[in-house]
Amino acid sequence: MAFLAACALAALLLPTGARSQSAPGVTADKITVGQTIAMSGPFGDIARELLKGSQAYFNVLNRTGGIHGRQVELVSKDDGYITARALDNAKQFIDSQSVFCLFSNFGTPTNEAILPLAESSGTPLFASFTGALSLRSKDLKSTMNIRASYADEAEHLVKQLHTLGVRKIAVVYQNNTLGQEILQGVSDSLGKRGIKPVWTGAIEPDSSNAEAMAAKAMGAKPEVLILGIAGKSTIEVIKAVKGANAGIQLYALSILATPANLRALGKLGRGVVVSQVVPLPTSPTMSLAREYRAAMTEAGHTDFTHLSFEGYINGRILAEGLKRAGRNLTRPGFISALHTLQRYDAGGLMVSFGRGAASSSSFVELTMIDSDGKLIK
């Protein structure tokens, strides 16, 4: 009896958060989620936009009561798009048991490196910023994606080109796992239609061979060039291609059209067709887009971009899963709660989990860069 009383007294003397902790990163008043993201390095402009949108959502969420009375804290660590650093960040989060889940980690090679660690530890890997099929296997238990895959984007682009009667298609892709994934998606989509690319070539991440690749691509006399590239190298590649053939029609995936790239391209970007995996953030009719713009304005941001909108959406869907998991939050409970999201309408964007790690959203639409460097439908 004395022993039981001593145990009860010891429990009372513990900090409130320690007494109520039901899962790593969860206390009585807070849920902590971790993120490794390339705030510096070649893709820093993309990552910073993504982070803006997520943080804008969490600001509103916390101001309005959080999740069952708990505030959500996003802890972001910069990895510079260096795989070893990203993996080290993830290990620190997981080994310290300081975060409930990994949220919106950035990049294909980085997420591929983190994936085995997250799966083996049972740490949810949620809404990673990559369209790689390697993170979408039905066998994955703790990995949940939102954005459509690169294969989905490639299929949408190729389907459009095929409908228009375009058959001579070349592909320039980044010389890394991201670019190779895009090349595979485009090649598979063309193959389904009995077409082979007239030329494919790899651009080094530092763009050192941009002019040489542009000359080779134009030498194949394609009707359309598909760009499987991201970051600052986009600018050098488009400059080189336009210099070799000013009239060539360019198609690209969503990762190309960052605000920094659009500004840097200026008139050179006019007419480039870009696929998108989230709706137009300036839509006047979509309630989700109106929510997003209000949150961004409250946070002091005046630019509304597809990338920050994606970050906002990721945060919103995370919160919905956390709410459905209930007050006694656990990782398995969170994963189970996400599976209850079937054709869930998030204010105009439909998401459906329950297919393993497959994308919960299949949304893809085409936009175009106009003469003012803005994306239009």
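Engineer: So what exactly am I meant to see when it comes to the overall build of the chain here?
Structural biologist: Helices and strands together make up the secondary structure of the chain, namely 13 helices and 14 strands. Summarising its shape, the C-alpha atoms of the chain cover approximately 85 × 40 × 35 Å along the three principal directions. Across the 377 residues that make up the chain, the buried fraction comes to 55%. Pairs at least 24 residues apart make up 67% of the contacts formed inside the chain by residues separated by at least 6 positions.

Engineer: So what exactly am I meant to see when it comes to the pairing of strand E9 (residues 249-252) here?
Structural biologist: Strand residues, when the strand is regular, have side chains that alternate between the two faces of the sheet. Of the pairings in the sheet, the one linking strand E8 (residues 224-228) to E9 comprises four bridges and is parallel in character. Bridge assignment links Val-224 to a residue of E9, and that residue is Gln-249. Handedness of the crossover is the feature at issue here: the chain leaves E8, passes through helix H9 (residues 233-244), returns alongside E9, and the resulting connection is right-handed. Note that E9 and strand E10 (residues 273-276) share two bridges and pair parallel.

Engineer: What am I meant to see in the environment of Gly-219 here?
Structural biologist: Inspection of the secondary structure puts Gly-219 in helix H8 (residues 210-219). Put simply, Gly-219 and Ala-244 are 25 residues apart on the chain and 9.3 Å apart in space, counted from C-alpha to C-alpha.

Engineer: Is there a simple way to think about the pattern of salt bridges in this case?
Structural biologist: Pairing between side chains becomes possible if they bear opposite charge and their charged atoms approach one another. Taken as a whole, this structure holds eleven salt bridges when the rule is applied. The partner of Lys-52 in a salt bridge is Glu-49, with the nearest N and O atoms 2.8 Å apart. Highlighted residues: Lys-52 and Glu-49, both in helix H3 (residues 44-63), separated by three residues, approximately one helical turn. Given a relative accessible area of 27%, Lys-52 falls into the partly exposed group. For Glu-49, a relative accessible area of 8% gives the class buried. Between Glu-155 and Lys-192 there is a salt bridge, with the nearest N and O atoms lying 3.3 Å from each other. In this pair, Glu-155 is assigned in helix H6 (residues 150-163) and Lys-192 in helix H7 (residues 177-192), connecting sequence segments 37 residues apart.

Engineer: What exactly am I supposed to notice about the sheet that holds E9 here?
Structural biologist: The pairing of strands in a sheet comes from backbone hydrogen bonds and takes either a parallel or an antiparallel form. The sheet built from seven strands is open, its strands ordered E7-E6-E8-E9-E10-E13-E14 with mixed pairing. This sheet does not close on itself; its edge strands, each paired only once, are strand E7 (199-203) and strand E14 (375-376). Relative to strand E13 (residues 365-369), E10 runs antiparallel, the two sharing four bridges. When the sheet's bridge partners are listed, Val-273 is paired in E13 with Met-368. Packing against the sheet, H8 makes contact with E7 and E8, and its axis sits at approximately 175 degrees to E7.

Engineer: I keep staring at the packing of helix H4 (residues 83-95) against helix H5 (residues 108-121) and nothing clicks. Help me out?
Structural biologist: Helix-helix packing is characterised by the crossing angle of the two axes and by the distance between the axes. Viewed as axis vectors pointing N to C, H4 and H5 meet at an angle of 25 degrees, and their least axial separation amounts to 8 Å. In terms of axis orientation, H4 runs roughly parallel to H5. Relative to H5, H4 is oriented so that their crossing is right-handed. Contacts between H4 and H5 pair Thr-83, Ala-86, Leu-87, Ala-90, Lys-91 and Ile-94 from the former with Pro-109, Thr-110, Ala-113, Ile-114, Leu-117, Ala-118 and Ser-121 from the latter. When its residues are assigned to classes, the contact of H4 with H5 shows nine nonpolar, three polar and one charged.

About the cut-offs
- Residues numbered from 1 in each chain as written.
- Predicted model: local features only at pLDDT ≥ 70, side-chain atom pairs only at ≥ 80, totals over all residues.
- Heavy atoms only, no water.
- Helix = DSSP H or I, 4+ residues; strand = E, 2+ residues; numbered from the N terminus.
- Buried < 20%, exposed > 50% of the residue type's maximum accessible area, 1.4 Å probe, protein only.
- Contact = heavy atoms within 4.5 Å.
- Pairing = 2+ DSSP bridges.
- Right-handed = clockwise from strand over helix to strand, strands pointing away.
- Salt bridge = Lys/Arg side-chain N within 4 Å of Asp/Glu carboxyl O.
- Axes fitted to C-alpha atoms, helices over the stretch in contact; angles between N-to-C directions.
- Parallel < 35°, antiparallel > 145°, perpendicular 65-115°, else oblique.
- Left-handed = near helix turned anticlockwise from the far one by under 90°.
- Nonpolar A, V, L, I, M, F, W, Y, C, P; charged D, E, K, R; others polar.

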